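Commentary on secondary and tertiary structure
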Amino acid sequence: MSQPALPESERSLPFVGLFVAAWLAHTSFVYIGADNTLLSVYQFRQLQTAMSVLFYPVDGFTLAYETPLFGPPWSAPLEFPLYQTCVVGWMKLTGHDIEFSGRVVSWLWFQALLPAVFLLLGSWSVPRRYRWVSLALLVTSPVYIFFSRSFLIESTALCSALWFTAAACRWISFGQRGWLITALIFGAFGAATKPTTMVPCSVALGLYSMRGMMPFRRTGSEKIRQVLKRTLAVFSLPLIAGFSWQHFTSRIRALNPETGFLDVMFGYFSFGDLTQRLSLEYWTKTTEIWSSGILSQAGLVVFLLLFLIVSAGQRWIAAVMGISFLSGQLVFSNLYLVHDYYFYATGVFLV
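Given the structure is predicted, the values throughout are model-derived calculations rather than measurements.

1. Here we look at helix α8 (residues 154-174)
Between the first and last C-alpha of α8 there are 30 Å, a value that for 21 residues agrees with the 30 Å anticipated at 1.5 Å per step. Buried residues dominate α8, accounting for 19 of its 21 residues. The first or second residue beyond α8 is G175, which carries a positive phi of 70 degrees.

Okay, here's the thing in structure tokens:
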């Protein structure tokens, strides 16, 4: 007599235990050197962010925050100061010094994105038990151990972008306005905080939307229009917020003749060129980051093997995640070559 199948909650218990063990390992690694100075990897970017916190108004909020690097007038904003505001608030609340506060806030934003990943995988019909495996891999990935405790905005931006994507997928599927509002809020913060992080998440969302229209491509024109309307609606506020913030910061920076080079850097320095994207050297260097910072070489091999043997539906999910992962460095090729912490925005899709 065959045994009845266990409910999903019971089948998930070993995988939950795996995640808990991985999370404890992650936390112990993160704590190592938590009180170190910022004079480490990418010290210039960490110190630049710390300076914007150090000179941020303690008892107020400002968009034109100061970063005293280029002379008066001192304001030269780049990202929306969501992370800076949180660090200042943490310092006031706890009395911790600036270095430790910045690390803690960065780590807390990483913790806040884990439920979004779980929810997003659910929208892609990944069984609950396997979602715990993905989270276990994510928290033990080197790039998410090291840069989640750095004095950088990466976790803040990724958390906003992933919650935007997770909520938007639910909105497109079910049409519940609560998900739309959630997506619009997080999308606006994400686009203003770091648009480069929003790109791979937007690619994933766009592919999800296309997937939702495919069953109706012959007979369901009304359903296709519904998915399109919901997709356009969810992108509306993030696009407005992102372009408005870029216009505002460019106008503020124009008041300081010493910051003109920043707008020039948004050209080749950000996007690279076709020659760079097609060069063997470029892909050799970036794939080294895939195998050392995100997955191991064995992990990449296992991924390719599994991709070949899984069902068509699972292969589609893997393809979407792979395209979303590659989209970051294909759009911003030079940034991903110069700063490997940019893979923080896309490594989640590879994992």
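Read on, since the account is not over.
2. Thoughts on the environment of S28
Inspection of the secondary structure assignment puts S28 in helix α2 (residues 13-31). A residue is classified by how much of its surface remains accessible, and S28, at 40% relative accessible area, is partly exposed. Residues S28 and R211, 183 residues apart in the sequence, show an inter-C-alpha distance of 40 Å.

3. Points about the packing of helix α16 (residues 297-309) against helix α17 (residues 312-331)
Closest axis-to-axis distance for the α16/α17 pair is 8 Å, and the angle between their directions is 140 degrees. Taken together, the axes of α16 and α17 lie oblique to each other. Two secondary-structure elements touch here, α16 through F303, F307, L308 and I309 and α17 through R315, A318 and A319. The residue inventory of the contact of α16 with α17, partitioned by class, reads six nonpolar, no polar and one charged.

4. Digging into the pattern of salt bridges
With the rule as written, the count across this model stands at four salt bridges. With its nearest N and O atoms 3.0 Å apart, the salt bridge here joins E79 to R45. Here R45 lies in helix α3 (residues 43-54) and E79 lies in the loop between α3 and α4 (82-94), a separation of 34 residues in the sequence. With a relative accessible area of 7%, E79 lands in the buried category. K194 is the partner of E154 in a salt bridge, and the nearest nitrogen-oxygen pair spans 2.7 Å. Residue E154 is located in helix α8, and its partner K194 is located in the loop between α9 (177-193) and α10 (195-213); the two are separated by 40 residues in the primary sequence. For E154, a relative accessible area of 4% gives the class buried. Residue K194 is classed as buried on the basis of its relative accessible area, which comes to 9%.

5. Considerations on unusual backbone geometry
Of note, Y42 is a non-glycine position whose phi angle comes to about 50 degrees, a positive value. Mapped onto the secondary structure, Y42 falls in the loop between α2 and α3. For Y42, a relative accessible area of 22% puts it in the partly exposed group. The phi dihedral of S125 falls on the positive side, at around 65 degrees, and the residue is not glycine.

6. A few points about α4
End to end, α4 covers 18 Å across 13 residues, agreeing with the expected 18 Å (1.5 Å per residue, within 8%). One or two steps after α4, the chain reaches G95, where phi turns positive at roughly 80 degrees.

7. Structural notes on the nonpolar core
By size, the foremost hydrophobic cluster in this structure holds 90 residues, and its most contacted members are L113, L138, L162 and V234. Those residues in contact with L113 that sit more than four places away from it in its chain are L138, S155, L158, C159, L162 and W163.

8. Concerning the packing of aromatic side chains
One pass over the full model with this rule turns up 29 aromatic pairs. A ring pair is formed by Y83 and F151, whose centres lie 5.8 Å apart and whose planes are at 85 degrees; its orientation type is edge-to-face. With Y83 in helix α4 and F151 in the loop between α7 (142-146) and α8, the pair connects residues that are 68 residues apart, well separated along the chain. Note on accessibility: Y83 and F151 belong to one class, buried.

9. Description of the environment of P257
If you trace the backbone, P257 turns up in the loop between α11 (221-253) and α12 (260-265). For the pair P257 and W107, spaced 150 residues apart in sequence, the C-alpha separation works out to 36 Å.

10. Quick look at a nonpolar patch on the surface
Judged by side-chain polarity, V302, L306, L308 and I309 come together as a nonpolar surface patch covering roughly 420 Å² of accessible area. Position of L306 among the secondary structure elements: in helix α16. Note on L306: relative accessible area 45%, which makes it partly exposed.

How each quantity is defined
- Residues numbered from 1 in each chain as written.
- Predicted model: local features only at pLDDT ≥ 70, side-chain atom pairs only at ≥ 80, totals over all residues.
- Heavy atoms only, no water.
- Helix = DSSP H or I, 4+ residues; strand = E, 2+ residues; numbered from the N terminus.
- Expected span 1.5 Å × (residues − 1).
- Buried < 20%, exposed > 50% of the residue type's maximum accessible area, 1.4 Å probe, protein only.
- Axes fitted to C-alpha atoms, helices over the stretch in contact; angles between N-to-C directions.
- Parallel < 35°, antiparallel > 145°, perpendicular 65-115°, else oblique.
- Contact = heavy atoms within 4.5 Å.
- Nonpolar A, V, L, I, M, F, W, Y, C, P; charged D, E, K, R; others polar.
- Salt bridge = Lys/Arg side-chain N within 4 Å of Asp/Glu carboxyl O.
- Core = buried A, V, L, I, M, F, W, Y, C linked by side-chain atoms within 4.5 Å.
- Phe/Tyr/Trp six-rings, centres within 6.5 Å; stacked < 30°, edge-to-face > 60°.
- Patch = residues over 30% accessible without salt bridge, like charges linked within 9 Å, V, L, I, M, F, W, Y side chains within 5 Å.
- Areas by Shrake-Rupley, 256 points an atom, 1.4 Å probe, with all protein chains shown as cover.

Remember that the coordinates give geometry; whether it matters functionally is a separate question.
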